[in-house]
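Take a look at the letters that make up each chain.
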Amino acid sequence: MSNKAVVYNKPGEVEVRDIGYPDLVLRDGPGVNPLNVGRKCNHGVILKVITTNICGSDQHMVRGRTTAPSGLVLGHEITGEVIEVGGDVEFIKKGDIVSVPFNIACGRCVNCRKQDTHICLNVNPDRPGSAYGYVDMGGWVGGQSEYVMVPYADFQLLKFPDREQALDKILDLTMLSDIFPTGYHGAVSAGVKMGSTVYVAGAGPVGLAAAHSAQLLGASVVIVGDLIEERLAQARSFGCETINLREHDNLGEQITEIIGVPEVDCAIDAVGFEASGHGRDAGEAPATVLNSIMDVTKAGGRLGIPGLYVTGDPGASDDDAKEGTLKIRFGLGFAKAHIFVTGQTPVMRYNRDLMRAILSGRAQIAKAVNATLISIDEAPDGYKKFDGGISRKFVIDPHGMVRDRMAASASAHAK
Ligand SMILES: NC(=O)c1ccc[n+]([C@@H]2O[C@H](COP(=O)([O-])OP(=O)(O)OC[C@H]3O[C@@H](n4cnc5c(N)ncnc54)[C@H](O)[C@@H]3O)[C@@H](O)[C@H]2O)c1
Ligand SMILES: [Zn+2]
Ligand SMILES: [Zn+2]
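Quick notes on the rules
Residues numbered from 1 in each chain as written. Chains lettered and ligands numbered in written order. Predicted model: local features only at pLDDT ≥ 70, side-chain atom pairs only at ≥ 80, totals over all residues. Heavy atoms only, no water. Buried < 20%, exposed > 50% of the residue type's maximum accessible area, 1.4 Å probe, protein only. Helix = DSSP H or I, 4+ residues; strand = E, 2+ residues; numbered from the N terminus. Arc of directions from axis to C-beta. Contact = heavy atoms within 4.5 Å. Polar contact = N/O pair within 3.5 Å; in protein donor to acceptor, adjacent residues only side chain to side chain. Near = heavy atom within 4 Å. Areas by Shrake-Rupley, 256 points an atom, 1.4 Å probe, with all protein chains shown as cover. Donors = N, O, S within 2.8 Å, 3.2 Å for Na, K, Ca; no water. Tetrahedral: all angles 85-135°; square planar, octahedral: opposite > 155°, others 65-115°. Core = buried A, V, L, I, M, F, W, Y, C linked by side-chain atoms within 4.5 Å. Domains from an automatic or database assignment. Pairing = 2+ DSSP bridges. Axes fitted to C-alpha atoms, helices over the stretch in contact; angles between N-to-C directions.

A. Layout of helix α9 (residues 251-259). Looking at α9, one finds that the buried residues are Leu251, Gly252, Gln254 and Ile255. Relative to the axis of α9, the buried residues are bounded by an arc of 160° and lie together on one face. Packing partners of the buried residues in α9 comprise β10 (197-201), β11 (221-226), β12 (241-244), β13 (264-269) and α10 (288-296). At the N-terminal boundary of α9, the capping side chain belongs to Asn250, with an oxygen 3.2 Å from the backbone nitrogen of Gly252. After α9 finishes, the residue Gly260 shows a positive phi value of roughly 90°.

B. Just the site of ligand 1, in detail. With respect to spatial proximity, 31 residues lie near ligand 1, and among them Ser57, His60, Asp226, Arg231 and Ser276 are the closest. One of the side-chain N or O atoms of Arg231 is found 2.8 Å from an oxygen atom in ligand 1. One of the backbone N or O atoms of Val271 is found 2.9 Å from an oxygen atom in ligand 1. Protein coverage of the free-state accessible area of ligand 1, which is 860 Å², stands at 93%.

C. Here's a closer look at the coordination of the zinc ion (ligand 2). Around the zinc ion (ligand 2), the protein supplies Cys55 (SG), His76 (NE2), Glu77 (OE) and Asp178 (OD) as donor atoms, at distances of 1.9 to 2.3 Å. Note that the zinc ion (ligand 2) binds 4 donor atoms; their angles at the metal cover 93 to 127°, and the shape is tetrahedral. One chain supplies every donor for the zinc ion (ligand 2), spaced along it as C-x20-H-E-x100-D. Of the two residues, His76 and Glu77, neither departs from the other in class, the shared state being buried.

D. Molecular detail of the coordination of the zinc ion (ligand 3). Bound to the zinc ion (ligand 3) on the protein side are Cys106 (SG), Cys109 (SG), Cys112 (SG) and Cys120 (SG), at distances that span 2.4 Å. Classification of the site at the zinc ion (ligand 3) rests on its 4 donor atoms, whose angles at the metal span 100 to 119°, yielding the label tetrahedral. Donor residues binding the zinc ion (ligand 3) come from one chain and are separated in sequence as C-x2-C-x2-C-x7-C. Exposure remark for Cys112: the relative accessible area of 5% places this residue in the buried category.

E. Quick look at the environment of Ser317. Topologically, Ser317 is positioned in the loop between β14 (297-304) and α11 (319-322). As for Ser317 and Ala285, which are separated by 32 residues in sequence, their C-alpha atoms are 8.7 Å apart.

F. Quick peek at the nonpolar core. Leu176, Phe180, Val200 and Val224 are the most contacted members of the largest nonpolar core, which totals 52 residues. The element contributing the most residues to this core is helix α7 (residues 205-216), with 7 residues. Composition of this core by domain shows at least three residues from each of domain 1 (4-178 + 347-414) and domain 2 (181-341). Membership of the second largest hydrophobic core comes to 30 residues, among which are Val82, Val89, Ile92 and Val123.

G. Representation of the pairing of strand β8 (residues 147-150) within the structure. Burial along β8 is two-sided: the residues Tyr147 and Met149 and Val148 and Val150 are all buried. Sheet topology note: the strand β5 (residues 45-53)/β8 ladder contains 4 bridges and is antiparallel. If you follow Lys48 over to β8, its bridge partner there is Tyr147.

H. Representation of the sheet that holds β11. Overall, parallel pairing links the 6 strands, which are arranged β12-β11-β10-β13-β14-β15 in an open sheet. Each edge of the open sheet carries a strand with a single partner, namely β12 and β15 (339-341). Across the sheet, the axes of successive neighbouring strands diverge by a mean angle of 20°, strand direction being ignored. Taken together, the 4 bridges between β13 and β14 define a ladder with parallel strand orientation. Bridge assignment links Ala267 to a residue of β14, and that residue is Leu303. Contacts from helix α6 (residues 179-189) reach β13, β14 and β15 within the one sheet, and its direction differs from that of β14 by about 155°. Across the sheet, helix α8 (residues 229-236) touches β11 and β12, and the angle it forms with β12 is around 170°.

Structure follows, in structure tokens:
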């Protein structure tokens with residue numbers, strides 16, 4: 001059986017091609033760590049992918065800003081139907097509709113036992129922590145494809161309680177694999193609670209998910225900053241205040257105009273190392289967001305930093321940044337006794353509760369991030385548009401399952 005997938009070719013170029021149907025073994029291929037080759041996964045399942053989203057984290061690779069090898073199969077945001085079950089899987093069954101946390105985690109190491117599934121010790125020979133379809137993450141094959149293998153299925157998979165309900169809410173539930181837990185983790189790490197004033201840097205899907213999460217946690221004001229007006233309009237569409245950092249380079253002054261003081265209680269970096277400086281003529285300035293959130297967060301505040309920072313950036317503008325060394329005003333953070341939380345999101349800490357918030361109608365994450373369905377053949381175009389700053393979260397529908405279901409329900413309503 002064939003298996004169409006989105007593959008990274010070279011900077012600026014992805015293509016859709018057949019990568020072959022998966023089995024319950026991690027085989028050699030681009031980016032697969034030699035120590036992971038041949039790894040047997042009888043604890044795994046094969047999923048028919050229902051939805052798989054394009055992420056800003058993929059863009060870092062596709063822009064050539066990482067050491068991702070050509071031929072890497074992309075995709076870490078996966079929702080699917082179980083169609084094959086390994087011999088060591090006890091509780092997940094064929095036909096289950098499941099969300100896959102983007103981190104890969106064994107469920108057996110000391111970190112997994114503490115719910116630190118983002119730094120599992122047993123899945124990536126290079127370092128703690130892993131993900132599907134990602135550079136330096138052990139080589140687990142990505143899920144922007146028709147079929148994908150998921151290891152440690154009993155531990156990792158979040159099963160949706162009802163198939164029909166899940167398919168009805170799939171554009172929301174698809175965000176559980178990454179950006180909804182990631183935005184929520186950003187807000188929780190920043191200490192957002194009832195009444196908090198919050199600044200979110202970045203109005204991409206993660207920033208919007210963080211802003212929606214801050215609202216769900218009870219924030220009194222959520223201010224979102226970006227340089228792209230269309231993305232800020234999206235943030236305003238669900239009640240956020242916004243600051244256009246291309247028009248205004250003094251963030252503190254803009255915050256004062258909104259809340260009367262230049263500092264917020266909590267701040268979230270949903271941008272990462274490809275940050276742009278503030279102002280009309282600013283170029284890339286990787287430490288901008290880290291420095292500016294220290295600046296505008298009150299003493300004793302917390303900084304949630306889901307934005308990604310790398311240990312190697314071949315496309316960086318200076319030699320220090322090429323090794324991930326940034327010019328951070330750490331003394332300011334010390335003076336203000338800030339608490340920083342960085343790293344991958346431990347998705348499993350949050351995804352079940354957020355699923356309930358979606359199913360009850362409390363959370364409206366698809367609307368907040370402007371979820372937009374595309375076919376797998378449209379993925380290369382989706383990557384280009386997303387890179388161009390469009391305010392959409394692209395959701396790939398590799399089998400046309402979601403499209404057909406929406407069409408059927410639209411025609412049933414018309415009758
Ligand atoms: N920690 C995790 O587990 C995790 C998970 C998912 C995504 N991420 C990371 O989160 C970040 C955001 O992801 P995304 O999908 O929203 O990406 P994105 O690229 O769509 O969004 C980033 C946004 O930041 C804006 N921006 C650039 N410089 C800025 C500045 N100085 N101030 C404010 N905004 C600025 C850009 O215009 C863009 O809209 C990425 O770095 C991604 O890799 C991390
Ligand atoms: Zn992602
Ligand atoms: Zn583990």
